[in-house]
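Close look at the chain arrangement
The chain contents come next:
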Protein chains: 2
Amino acid sequence: MSWMVEDREFSREHIVTNGNKYMTGNGYMGCRGTLEEFGKEQLAAITLAGVYDQSGGKWREPVNAPNPLFTRLRCNGERLGVLNAEPLSHRQELNISAAVHKRETVYSISGGELTFTAERFVSMDQLHGLAARFSLVATSDCRIELETGIDSEVWDINGPHLYGLQEQSIEGVLLSTAVTGELNLRVAVAEMTVHGFETQETAWEGARRFIAFDIKAGAVYEWFKYAAVYTELDCSDPAVLAVQNVRTAEAAGYEQLLAAHCKAWAKRWKQSDCLIEGDDTAQLALRYSIYQLLIIAPTGSEKVSIPARGLSGQVYKGAVFWDTEMFMLPFFLHTDPGTARNLLMYRVHTLDGARRKAAEYGCHGAFYAWESQDTGDDACTLFNVNDVFTGRPMRTYFRDKQVHISADVVHGIWQYVSFTGDESLLLDGGAEVIWECARFFYSYAYYNPVKRRYEILDVTGPDEYHERVNNNAFTNALVRRTLEVALECAELLQIMYPEQYHRLALQFAEGPFLKEFQEMLESFFVPQPDPDTLLIEQFDRYFKLEDIPLAELKARVLHPNEYLGGGNGLATTTTILKQADVVLMLNVFKSSYSRAVKQANWEYYEPRTEHGSSLSPCIYALVAADIGSPDWGYPYFMRTATVDLTGESKQYVGDLYIGGTHPAANGGAWMAAVLGFAGVQFDGKTLQVKPALPEQWTAVELPLSLRGDSFRLRVSREEITVSAAAGNRDALMVCSPGSADQLCRPGAELTLRAAGAAAAGANGIDNAIAAE
Amino acid sequence: MSWMVEDREFSREHIVTNGNKYMTGNGYMGCRGTLEEFGKEQLAAITLAGVYDQSGGKWREPVNAPNPLFTRLRCNGERLGVLNAEPLSHRQELNISAAVHKRETVYSISGGELTFTAERFVSMDQLHGLAARFSLVATSDCRIELETGIDSEVWDINGPHLYGLQEQSIEGVLLSTAVTGELNLRVAVAEMTVHGFETQETAWEGARRFIAFDIKAGAVYEWFKYAAVYTELDCSDPAVLAVQNVRTAEAAGYEQLLAAHCKAWAKRWKQSDCLIEGDDTAQLALRYSIYQLLIIAPTGSEKVSIPARGLSGQVYKGAVFWDTEMFMLPFFLHTDPGTARNLLMYRVHTLDGARRKAAEYGCHGAFYAWESQDTGDDACTLFNVNDVFTGRPMRTYFRDKQVHISADVVHGIWQYVSFTGDESLLLDGGAEVIWECARFFYSYAYYNPVKRRYEILDVTGPDEYHERVNNNAFTNALVRRTLEVALECAELLQIMYPEQYHRLALQFAEGPFLKEFQEMLESFFVPQPDPDTLLIEQFDRYFKLEDIPLAELKARVLHPNEYLGGGNGLATTTTILKQADVVLMLNVFKSSYSRAVKQANWEYYEPRTEHGSSLSPCIYALVAADIGSPDWGYPYFMRTATVDLTGESKQYVGDLYIGGTHPAANGGAWMAAVLGFAGVQFDGKTLQVKPALPEQWTAVELPLSLRGDSFRLRVSREEITVSAAAGNRDALMVCSPGSADQLCRPGAELTLRAAGAAAAGANGIDNAIAAE
């Protein structure tokens, strides 16, 4: 029950959102959850990870491959399809346990009904492969004309991207090849359709097959489709491999492919499924969030990361944002450290792009792209939103001022190293990334001679409605962390890998390097809680802005899609923020602030938060759990976990379409459930569990992968149970407020009493303003 | 001929601009050039210098006094006036030699014509007084009903300002009194109308008189009006003084008042008239510009300065901008140093307001108001322009980021001291102003640890279309000057006035003070000319902006009044600038840059300048003259000098009315003619003359007041003649390129050969990038 997503009728209004909701994929490609007869107008797309193209001066974006799932029917000469005929019944379903998409549509035909089913999956076993099974059953005899093959008319936002299209048929395999416009990368899609019934007529046109056959009432007519996608990024001759792959698949047969796919999925779920007892709605939503992360995880490549809209299309240019490190990484760290490493290696591979960007702004080091694609050069334009009132492009500062991206990357790398103990990442380029980011901040910072401190000026923090602010608390806190990490990393390498350290450090001999980092750190300003109110000011002079209720701001809106930020946006001159900013900082540095500070800031900032980003609600859920008020957090968790199920998210900013899936929210849902409500915290040595379950939840149970060892954790209101796999190498120290610390040895299971939220303050920093 | 401004017909379209063009005034009050029958709808106003009021949360602005010139006619029961009856002929004229306004209107009446004349002046002899002479002559007998008195229904932009209005008649004198809403200042206007003819009926209503009389064909009916305006800023009982003043005036009689007024004007013109030989159009325009400065000069008070729209109404809140120091001060320095001193003492008196503003922004010292009124607190709001597309107030940064204002004030003070040698200004508060402004900049500046220099970040320079920029060349150059002046001033006082110095310096003992100024100065960044192009970048990354022709920018305009700056303004992302910025800097520091640098920057920036401010063209005229290309400059001079004659200036910014007179342009016209084309430069010791006359001009002749001595200077293409008044105390060193330096002793006249523009480069800094 809690594995199934379904719609029991067809609605034109949901074509676009269902394309996201029913998405399948395997990290190599994403396949939008469109129906078989859909084309580019319905946003059908097979989006390729890491293949980007720019067309005619427009925004660079990922390439959508020709669609080999394309299938259309005619019955007795009339076109059948949800867009042409009102179906008698229609069901679309996605089984997230194995990522199998299915549709069943019943059409009225002369003298009876025709039932069409199509089942498909993007193979998790063979990352280039897709397969589908179709069936037709009618209650009266009829003539069917089937049109199926590869639809090259793909959806593009800023296309076209595919040139020199060639379509051919090679001994039953249809092949569609093209090259991308900018990089001349060959893209090949092969397809084979196999059936066992007798046909009246078969024809080809381009990469489409036309098959006519008569069907008898009551008989089941079934056929299969095998498809494969390759690009020149995978191999030197994608066409050959695509055809080969399809032939191999056909030889194996649908059932065998499906079984291998399901097995791969079972393994994934074993590593990551999180059980919620007592709340089926939340259970499905959380699983669905995890599902969304699994279908886009780059398990097979360290050259790509996860775009902000996953692989659900070309929205946001298929670009990788801070979302990955700050909102998705924790899920992978706890369940699939190998993929976590890939995500971070992507930053290593794009370091040169970040260096180029820093140099472009006259800075040292590495300033990571706000919108990162294959090279690490910034895909973000200076005019990223159009003004709905004038239609003009609006100067925004995402690209040039959201400097926290470099600190987010460093934070991600250091999280990985601390969490996994895998220091090889540092030697494989991670240390260089860390130091170059610290060098960037040193050169970006200014010293205030009167206040005798370094400050970070003219930035945009997470709250993008307030651009170009000074001393954004979140940014400054992360910059400080970057400097600390740069020094810690150097110390670690000096001790553990002195030779490599000296080789690496050589390039920074002229500075700024450790001496400068140390000096900056010693007089670096991070906004602190006010001694009276405990509030942390989001940035300099934030508290002087017009302080109006969110409802009043909304009442001032003149156009439904007007952007609240930018040059003249309504929020810019008020205290209304787009998304968690100070509160996000309190989550990132949760052990540095007292519960009282967290609570005061939660209570102050939440009513002022528009949650105009899907990255926002999960953070309020996390901090609510952290302060022992999980029920404050529960609605934010649900909002986060259901964003792609309900489709209730912002679809436009200005006149820019921003729909698609929301991997950061998906990762945020997992964080809220596991790191928030279950209260899991692992610092590389000790597993701390401080549960704060919402009222409905009786327990949370999940697997954890810690430093290469496997554990299962069950957290209920009364007790915490940890069981270690027999094959684990090390014992794990487990602690929880209100219980003595215990060591969980390989193969053992231990139980701790759960003190619950009431004892959350027992770690001794309550009522202190900050723990530092 | 070159003293007369006139219109020979009435046009409704010109009511507002003629109100500016025909303005009279005396520095205490401005009287708009409206006709006698006009009321508030026609923007009739007597604007009081230095009397401000805020009403109902709206913008604080100067108070307009009730209008005692108000006069309406009926003839045979029908109302006569240009708004009611189409006149047979109409003439409005202003004799700028004595600031006498006159109108003559001929109306058709039954059986013939009626000629109405009204002559008036705002006394330059008695600053509280106004007087007028009226006459009527008809070609056929008729019955006249005259309504005259004090019109309390005054024009207000953000009124009402006058409360508790009381109107009374005291033995023939009408008195209108009221109090301002905010400060409860009493305002009194008294009026007396005197005639010699027989009347049929006389009545009063409030402060209006109704006089009916029969007139005979051919006879002249004449009457006089005496009026006075006082406020509680002048005396404790303004009503008493107003009535007294009117009685005294009436006793003296119109002719005597007029004679005294004319005598005062003759004296002013003797000090300031500038003759242009060979160009009558330019002559009138320049004289008219000087006239505009004379009618608003605060000769009698050091508590007021000159607002950006003079005394022509309430536009720009009647506030004082940098216009005074940077565009008007030179005229007064050269012609009326006493008034120049008043203007600067106004800044001394408003120092506390500037201190409050600095503190408000967390800075030390004095941050002068961008829009300064009586207290020096900033009248500029954070939302100074409305967006024409949404009607919403737009966040602008005039108030918080145009920090150069404090440097402009310092520059003005030091100009005055150097020019006049009058060091008393420093002891009377000028030194404190200088030091507090330097302290402000020290606390505003940031140190860049990588570039090892102090920078000025996040400012708006003169080009207000580019807000919040870093290292604006103009601002940084003036900040450096401020630091230099602060140190020079300290040195001067230490040597000359050690006791006063130590008393003054005591308050800065805790710093930042001289030590810090010196340190900042030693590593302070001012953008320098590029070695190849000689261009100075207006601010960091200006050269990276979209570089489009002005015409293309204008073609993008969607609404005639849309603001090109602000959050989303069209110019903000392009190289198009509002007004001279780098080129202004080259003029302010003219001896520090080579001719080649000036020319390269003139040629680069001029085509990119929108001249969206009336402060812009004069600067291009000045620098054109400086580089020996006066004919490039002439059109800019003419545009500047005629701005209030033609009324061809921007009337709206967004939906904000900004019409009125343009004293900065008036001062700019004088600067262009005298400091530009005539090439006058006095550094406190030597008069340097480097003429570059436009083609049409054969000579320029003018008086100069230098260090208390009087001179006349005549500059032709061939020679320069300087004559010194016999009463002068000191000899003056005069030099000119291509001629040996000569000493001009009291009573002497000397002639130098003029090398003309061709030798302009002879001062030895040509082809050097900068002289520093």
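Thresholds, definitions, all that
- Residues numbered from 1 in each chain as written.
- Chains lettered and ligands numbered in written order.
- Predicted model: local features only at pLDDT ≥ 70, side-chain atom pairs only at ≥ 80, totals over all residues.
- UniProt positions renumbered as here; feature names shortened; annotations may be inferred.
- Axes fitted to C-alpha atoms, helices over the stretch in contact; angles between N-to-C directions.
- Helix = DSSP H or I, 4+ residues; strand = E, 2+ residues; numbered from the N terminus.
- Parallel < 35°, antiparallel > 145°, perpendicular 65-115°, else oblique.
- Left-handed = near helix turned anticlockwise from the far one by under 90°.
- Contact = placed C-beta atoms within 7 Å.
- Nonpolar A, V, L, I, M, F, W, Y, C, P; charged D, E, K, R; others polar.
- Expected span 1.5 Å × (residues − 1).
- Buried ≥ 20, exposed ≤ 12 C-beta atoms within 10 Å, placed from the backbone.
- Domains from an automatic or database assignment.
- Pairing = 2+ DSSP bridges.
- Least-squares fit on C-alpha atoms with pLDDT ≥ 70 in both.

- Looking at an unreviewed UniProt entry, one finds chain A named Trehalose and maltose hydrolase (Possible phosphorylase) and attributed to Paenibacillus typhae.
- Word for word, the UniProt comment on chain A under Sequence similarities (unreviewed entry) is "Belongs to the glycosyl hydrolase 65 family."

Focus: the packing of helix 18 (residues 630-641) of chain B against helix 20 (residues 663-677) of chain B
Residues and elements named next belong to chain B.
- For the pair helix 18 and helix 20, the least separation of the axes is 8 Å and the interaxial angle reads 155°. Considered as vectors, helix 18 and helix 20 are oriented roughly antiparallel to each other. As for how helix 18 packs across helix 20, the hand of that crossing is left-handed. Residue-level contacts link Pro630, Gly633, Phe637, Thr640 and Ala641 of helix 18 to Ala665, Gly668, Ala669, Ala672, Ala673, Gly676 and Phe677 of helix 20.
- Looking at side-chain class alone, the contact of helix 18 with helix 20 contains eight nonpolar, four polar and no charged residues.

Observations concerning helix 6 (residues 337-349) of chain B
Residue and element names in this part refer to chain B.
- The end-to-end C-alpha distance of helix 6 is 18 Å, a good match for the 18 Å that 13 residues give at a rise of 1.5 Å each.
- Most of helix 6 sits inside the fold, with ten of its 13 residues counted as buried.
- For helix 6, the set of buried residues is Pro337, Thr339, Ala340, Arg341, Asn342, Leu343, Leu344, Met345, Tyr346 and Arg347.

Side note on the UniProt feature "domain: Glycoside hydrolase family 65 N-terminal" (unreviewed entry) in chain A
- The UniProt record marks residues 9-231 of chain A with the feature "domain: Glycoside hydrolase family 65 N-terminal" (unreviewed entry), using the residue numbering of this structure.
- End C-alpha to end C-alpha, residues 9-231 of chain A measures 37 Å, and it is 3% helix and 56% strand.

Observations concerning the domain arrangement of chain A
Residues and elements named next belong to chain A.
- Domain boundaries in chain A define domain 1 (4-271) and domain 2 (336-526).
- Computed over C-alpha atoms only, the centres of domain 1 and domain 2 are separated by 42 Å.
- Taken together, the five residues of domain 1 in the interface contact five residues of domain 2.
- Along the lines of polarity and charge, the residues of the side of domain 1 that touches domain 2 split into two nonpolar, two polar and one charged.

Digging into the interface of chain A and chain B
- With 22 residues of chain A at the interface, the matching set in chain B holds 22 residues.
- Broken down by element, the residue count for the side of chain A that touches chain B peaks at three residues, all from strand 22 (residues 446-448) of chain A.
- Tallied by class, residues from the side of chain A that touches chain B come to nine nonpolar, nine polar and four charged.

With respect to the sheet that holds strand 33 (residues 749-753) of chain B
Residues and elements named next belong to chain B.
- Strands sit in the order 19-28-29-30-33 across an open sheet of five strands; the sheet is antiparallel. On the outer flanks of this sheet lie strand 19 (275-277) and strand 33, each paired with one strand and no other. Averaged over all pairs of adjacent strands, the angle between strand axes in this sheet comes to 20°, irrespective of strand direction.
- Pairing analysis gives three bridges linking strand 19 to strand 28 (residues 699-706), with the strands arranged antiparallel. Looking across to strand 28, one finds that Ile276 is bridged to Val700.

Some details on the UniProt feature "binding site: substrate" (unreviewed entry) in chain A
All names here are of chain A.
- UniProt records the feature "binding site: substrate" (unreviewed entry) for Trp322, Asp323, Lys578 and Gln579 in the present numbering.
- Relative to the elements of secondary structure, Trp322 occurs in the loop between helix 4 (280-294) and helix 5 (323-335).
- Considering the arrangement of structural elements, one finds Lys578 in the loop between helix 14 (550-555) and helix 15 (582-588).
- Assessed through the 22 C-beta atoms surrounding it within 10 Å, Lys578 is described here as buried.
- Those residues in contact with Lys578 that sit more than four places away from it in its chain are Asp463, Glu464, Tyr465, Gly565, Glu610, Gly612 and Ser613.

A short note on the relation of the copies chain A and chain B
- The transformation that overlays chain A on chain B combines an axial shift of 0.0 Å with a rotation of 180°, and the residual RMSD is 0.0 Å. In short, the pair behaves as if placed about a two-fold rotation axis. It is Gly567(A) whose C-alpha, among those of chain A, lies nearest the rotation axis, at 1.9 Å.
- A share of 100% of interface residues in chain A that are also interface residues in chain B marks the association as one of identical surfaces.

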